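# Results of the structural survey
Chain by chain, the residues run as shown.
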Amino acid sequence: MIDKSQRNILGRFRELILRWFYAFKYLVKSWIRIPRDAPFWMKGMLLTIYIFAFFLTFLLAVDVNLFWLFGGSPKIKEIKNPEINLTSEIYSADEKMLGTLFVENRTPVEYKDLPQNLVDALIATEDVRFYQHHGIDLKATFAAVWSTMQGDKRGGSTITQQLVKNLFKTRADYSTGLLGYVPGVSTLISKTKEWINALKIELYYSKEEILTMYLNTVDFGSHAFGINSAASTFFNCATIQLNTQQSALLVGVLKAPSYYSPVSRPENALNRRNQVLQQMVKYGYISGSAGDSLQSFPLELKYRRKGKASGDASYLREAIARSLQKWSKETGHDIWTEGLKIYTTIDSRLQKYAEEAVAEHIKRLQQIFNSSSGNVVVPWKDEKGVELPGYFIKLASDIPGYSSFIKKNGAESDTVKQFLNSKRKMKVFTWNGERDTVLSVLDSLKHYKRYFQSGFVAIDPLNGNVKAWVGGINHNYFKYDHVNQSKRQPGSLFKAFVYSAAFDNGFGPCDEMTDQPVSIKYMEKGVEKVWEPHNVDRSHSGSMTLKHAFARSVNSIAVQLSQKIGWQKVIQYAQMMGIRSHLDSVPAVCLGSSDVNLLEIVNAYCTFVNGGFTGDPVLVTKIVDKNGTVIYEQDAKRNKVLSDETAFLMSVLLRSGLTEPGGTPQGLFEYDLFRFNTDFGGKTGTSSDYTDGWFIGVTPGLVGGCWVGNDDRSIHFKSSHIGEGLRTALPVYGKFMEKVLKDESLKQYRQKFPKPSVKIDRNYSCHTVLPKADSLELVSDSTALE
């Protein structure tokens, strides 16, 4: 309903329009004077001149938006350099295209890339006199007007006029004006703008350029903007490879992309394609026999729809987009619309192996979880395995889209229960592929809640270049990136910062300490507390070297070291090496009690194998605009944060896990890694209750890290035999490095750690030798010591 104030405004506006109309009528009568006694031919000539002058005046008034009556029109510089949303492309360091970023999926082509059958199909269907007119086809225009008057509405726009609509949105962005609100007049104004700008385009561009621009701008549906994207989306081929029937189909789609969609409405698309082929026969572009033959062909699609960030490495593309947000804001460049070429540090081969390793292991781990009902913890069942009523309804009430509905009707109401339990068709993720099924909302929540997630990243320690990035198990269903968005407790991974700080404060790998119970009193927010950490097996082994304690990941030794140097020093060293997440100033920080993300801790571990240097991880090296101009070039700065001696000693400790008895990284021996003349080191990490499993592996040329867990921390394994980092995360790294080292094109990653570049004053060559029985027992029990 229109209220009184709105009616008053509309009334005043209508009165203003009428006053302008009468003023204009008076001016016309004053200016146009035809003598009554003039000959008929003179009257006709004068009338023609007046009409022509009026028409030119009207065109000029519309073009300059006289008195703001007609709305703005494209300026000459916009006609010469029209802005088109282009697709940006992401490339790997080995020059493979990893994916695209776009608002409109459009990659322009040149005229030489257009097959002749496509041009013929377009002209035969949309504008048969294209080469004879200069932007406006008067014959087609009058025919359209006449048909509309007869009740058969049809278009009369030329290809050039359609290009004006596509480029400048003359019926939207440029159509606002006072007269634009008058019914009927707005259509006349928009058509006039199309005529004017069609003439301008014909003035500045050749016919070939107009055809090319048109085919680069049109919408084919299914997120395909422009002919290049359409050819790729519907037929998985280059534009130049389109055959006649494929070209006819794509030209036919343009009339109404949804109605003639070959994906959702194939019968409509087939009929429309055949109409285009008939037009080509009618105007002599193909013979009648060829037309009949081509009409008998099926559609034969090779459909591949692309999302706004398209390609295989989905988590990686989103991470690149996030990493460039600050640069885009500072420079004004839009990575989604400017058709940029973004060159990254990623190696496509390593990326492929990382994705495979994550999928192979997490699929197997999920099978173990699903079949180990007695050895897992899930929040929707009690200790006896009985499902708790109302758990998933409460979970649904926290989901946007359901929360308001549940709150309005009550969680226990029959309406809510009926809605949440009603089944519907849907596609769901499974490790055996996407599956069509029928599930209720609650069934769907139960299905997805069980899935374990993983993150994996590999970095070149010498320059910080990220070589592989896997943010999760399937980006289509799980958008959250577990490389740099998710933060979890790193557990024993944090001990590396304890030991590096200790080495800088006088300790050495062969110094001995006693594995014994520890009790620490401290103040937290004004409250006195006592912390009494213990080893996983709640036993103690007496005196041992720091090297052996690190290899076995003995908690009590790390805590005692932290006590001696101060836990604030541990925080300082972690931050110095690149940990940006907030770290609580409590004693437990030495055992990884504060949440961090995978990227920052893997990057920090690079410091231990590159001589003590750190810096921000690097994803993008260079960005080139659509004209080939370099608009961004990465200039990474590395800072020296550890002495050469401390960095070397830490690399020794990381390697000791494979040489000291009971070392936690010795699960790597299960993989085919050690015949390639390559040195390895590593560290496992497991948080309380086996909620998070971590592993970081190091070689001289590559540092890789993995996290495994459920997004819900209350879902986890019960025992160390399955749930610790050695079993959940290390296998991903092992599988990844096995694939990398077997690839003959990646021989650069087969390396030995170099000898120390400086004199090492502290002894580091000690090796623990245990009695045979004890040694074997420690190796078999090493999974319980994490």
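No experiment lies behind these values; they were computed from the predicted model shown.

### Details of the nonpolar core
Ile342, Phe456, Trp469, Phe497, Tyr499, Ile601 and Phe736 are the most contacted members of the largest nonpolar core, which has 143 residues in total. Discounting chain neighbours no more than four positions away, the residues touching Phe736 are Leu350, Tyr353, Ala354, Ala357, Phe456, Ala458 and Leu702.

### Side note on the environment of Tyr451
Following the sequence through the fold, Tyr451 ends up in the loop between helix 19 (441–449) and strand 8 (453–459). The buried category is assigned to Tyr451, whose relative accessible area is 9%. For the pair Tyr451 and Phe369, spaced 82 residues apart in sequence, the C-alpha to C-alpha distance is 9.1 Å. When sequence neighbours within four positions are dropped, the list of residues in contact with Tyr451 reads Gln366, Phe429, Thr430, Trp431, Ile473, Phe478 and Asn710.

### A short note on the environment of Pro661
Assignment of secondary structure puts Pro661 in the loop between helix 25 (644–656) and strand 18 (681–686). Among the residues examined, Pro661 registers a relative accessible area of 10% and is labelled buried. For the pair Pro661 and Leu770, spaced 109 residues apart in sequence, the C-alpha separation works out to 7.6 Å.

### Some thoughts on the packing of helix 15 (residues 348–371) against helix 28 (residues 730–742)
Taken N-terminus to C-terminus, the directions of helix 15 and helix 28 make an angle of 140°; their axes are 8 Å apart at the nearest point. By the angle between their directions, the pair helix 15 and helix 28 is classed as oblique. Pair helix 15 / helix 28 crosses with right-handed handedness. In contact with Leu350, Tyr353, Ala354, Glu356, Ala357, Val358, Glu360 and His361 of helix 15, helix 28 contributes Pro731, Val732, Lys735, Phe736, Lys739 and Val740. Split into classes, the residues belonging to the contact of helix 15 with helix 28 amount to 9 nonpolar, 1 polar and 4 charged.

### Points about the state of the cysteines
Evaluation of the coordinates by the stated rule reveals 1 disulfide. Between the sulfur atoms of Cys510 and its disulfide mate Cys766 the distance is 2.0 Å. Here the S-S torsion is close to -100°, and the disulfide linking Cys510 with Cys766 is therefore left-handed. Taken together, the residues Cys510 in the loop between helix 20 (495–503) and strand 10 (512–515) and Cys766 in the loop between helix 28 and helix 29 (772–781) connect sequence positions 256 residues apart. With relative accessibility at 17%, the residue Cys766 sits in the buried group.

### What to know about the sheet that holds strand 18
The strands making up a sheet are joined through hydrogen bonds of the backbone, oriented either antiparallel or parallel. Here 5 strands make up an open sheet; going across it, the order is 9-8-20-19-18 and the pairing antiparallel. Every other strand in the sheet has two partners, leaving strand 9 (466–470) and strand 18 as the edge strands with one partner each. Going from strand to strand, the sheet's axes swing by 10° on average, the running direction of each strand aside. Bridging between strand 18 and strand 19 (residues 692–698) involves 6 bridges; their strand directions are antiparallel. Looking at strand 19, one finds that Gly682 is bridged to Gly697. Contacts from helix 15 reach strand 8, strand 9 and strand 20 (703–709) within the one sheet, and its direction differs from that of strand 9 by about 30°. Sheet strands in contact with helix 24 (residues 598–606) are strand 8, strand 9, strand 18, strand 19 and strand 20, and its direction is about 30° off that of strand 8.

### Brief notes about the packing of aromatic side chains
Enumeration according to the criterion identifies 33 aromatic pairs in this entry. Residues Trp327 and Tyr632 carry aromatic rings whose centres are separated by 5.9 Å and whose planes lie at 65° to one another, so their mutual orientation is edge-to-face. Pair noted here: Trp327 is in helix 14 (residues 325–331) and Tyr632 is in strand 16 (residues 630–633), with a separation of 305 residues, a long-range link. Chaining the aromatic ring pairs together yields one cluster made of Phe429, Trp431, Tyr448, Tyr451, Tyr477 and Phe478. Over the ring of Phe419 we find Arg424, and its NZ or CZ is 5.3 Å from the ring centre.

### What to know about the packing of helix 4 (residues 116–126) against helix 10 (residues 244–253)
Any two packed helices are characterised by how steeply their axes cross, that is the angle between the axes, and by the distance between the axes. Contact geometry of helix 4 with helix 10 gives a least axis separation of 9 Å together with a crossing angle of 40°. Put simply, helix 4 runs oblique to helix 10. Seen from above, helix 4 lies across helix 10 with right-handed handedness. Residues Asn117, Leu118, Ala121, Leu122 and Thr125 of helix 4 form the contact with helix 10, whose own contacting residues are Thr244, Ser247, Ala248 and Val251.

### As for unusual backbone geometry
Phi is positive for Ser222, close to 55°, though the residue is something other than glycine. Position of Ser222 among the secondary structure elements: in the loop between helix 8 (207–217) and helix 9 (227–235). In this structure, Asp689 takes a positive phi of about 65° despite not being glycine. Relative to the elements of secondary structure, Asp689 occurs in the loop between strand 18 and strand 19. When its relative accessible area of 54% is taken as the criterion, Asp689 is described as exposed.

### A few points about the side chain of Asn555
Relative to the elements of secondary structure, Asn555 occurs in helix 22 (residues 555–565). Of the residues examined, Asn555 reaches a relative accessible area of 10% and is grouped as buried. A polar contact of 2.6 Å, which involves the side chain of Asn555, links it to the side chain of Lys495. A distance of 3.1 Å separates a polar atom in the side chain of Asn555 from the backbone oxygen of His534.

### Quick word on the pattern of salt bridges
Pairing is possible between side chains that carry opposite charge, provided their charged atoms lie close to one another. Within this structure, the stated rule accounts for 29 salt bridges. With a shortest N-O distance of 2.8 Å, Glu104 and Arg106 are connected by a salt bridge. An identical accessibility class is assigned to Glu104 and Arg106; each is buried. Here Glu524 ties to Lys529 by a salt bridge, and the two come within 3.1 Å at their closest N and O atoms. By relative accessible area, which is 26% here, Glu524 ends up partly exposed. Given the relative accessible area of 33%, Lys529 is considered partly exposed. One continuous salt-bridge network, built from bridges that share partners, spans Lys352, Glu356, Glu360 and Lys739.

### Examining the pairing of strand 20
For strand 20, a buried count of 7 out of 7 residues is recorded, marking the element as mostly surrounded by other parts of the structure. Along strand 20, one buried face is formed by Val703, Gly705, Trp707 and Gly709 and the opposite face, lined by Gly704, Cys706 and Val708, is buried too. Here strand 8 runs beside strand 20; their pairing, made up of 7 bridges, is antiparallel. Note on strand 20: the bridge partner recorded for Ser454 is Val708. Where strand 19 meets strand 20, 7 bridges bridge the pair, whose relative direction is antiparallel. Considered in strand 20, the bridge of Gly697 is made with Gly704.

About the criteria used
- Residues numbered from 1 in each chain as written.
- Predicted model: local features only at pLDDT ≥ 70, side-chain atom pairs only at ≥ 80, totals over all residues.
- Heavy atoms only, no water.
- Core = buried A, V, L, I, M, F, W, Y, C linked by side-chain atoms within 4.5 Å.
- Buried < 20%, exposed > 50% of the residue type's maximum accessible area, 1.4 Å probe, protein only.
- Contact = heavy atoms within 4.5 Å.
- Helix = DSSP H or I, 4+ residues; strand = E, 2+ residues; numbered from the N terminus.
- Axes fitted to C-alpha atoms, helices over the stretch in contact; angles between N-to-C directions.
- Parallel < 35°, antiparallel > 145°, perpendicular 65-115°, else oblique.
- Left-handed = near helix turned anticlockwise from the far one by under 90°.
- Nonpolar A, V, L, I, M, F, W, Y, C, P; charged D, E, K, R; others polar.
- Disulfide = S-S within 2.5 Å.
- Pairing = 2+ DSSP bridges.
- Phe/Tyr/Trp six-rings, centres within 6.5 Å; stacked < 30°, edge-to-face > 60°.
- Lys NZ or Arg CZ within 6 Å of the ring centre and 35° of its normal.
- Polar contact = N/O pair within 3.5 Å; in protein donor to acceptor, adjacent residues only side chain to side chain.
- Salt bridge = Lys/Arg side-chain N within 4 Å of Asp/Glu carboxyl O.

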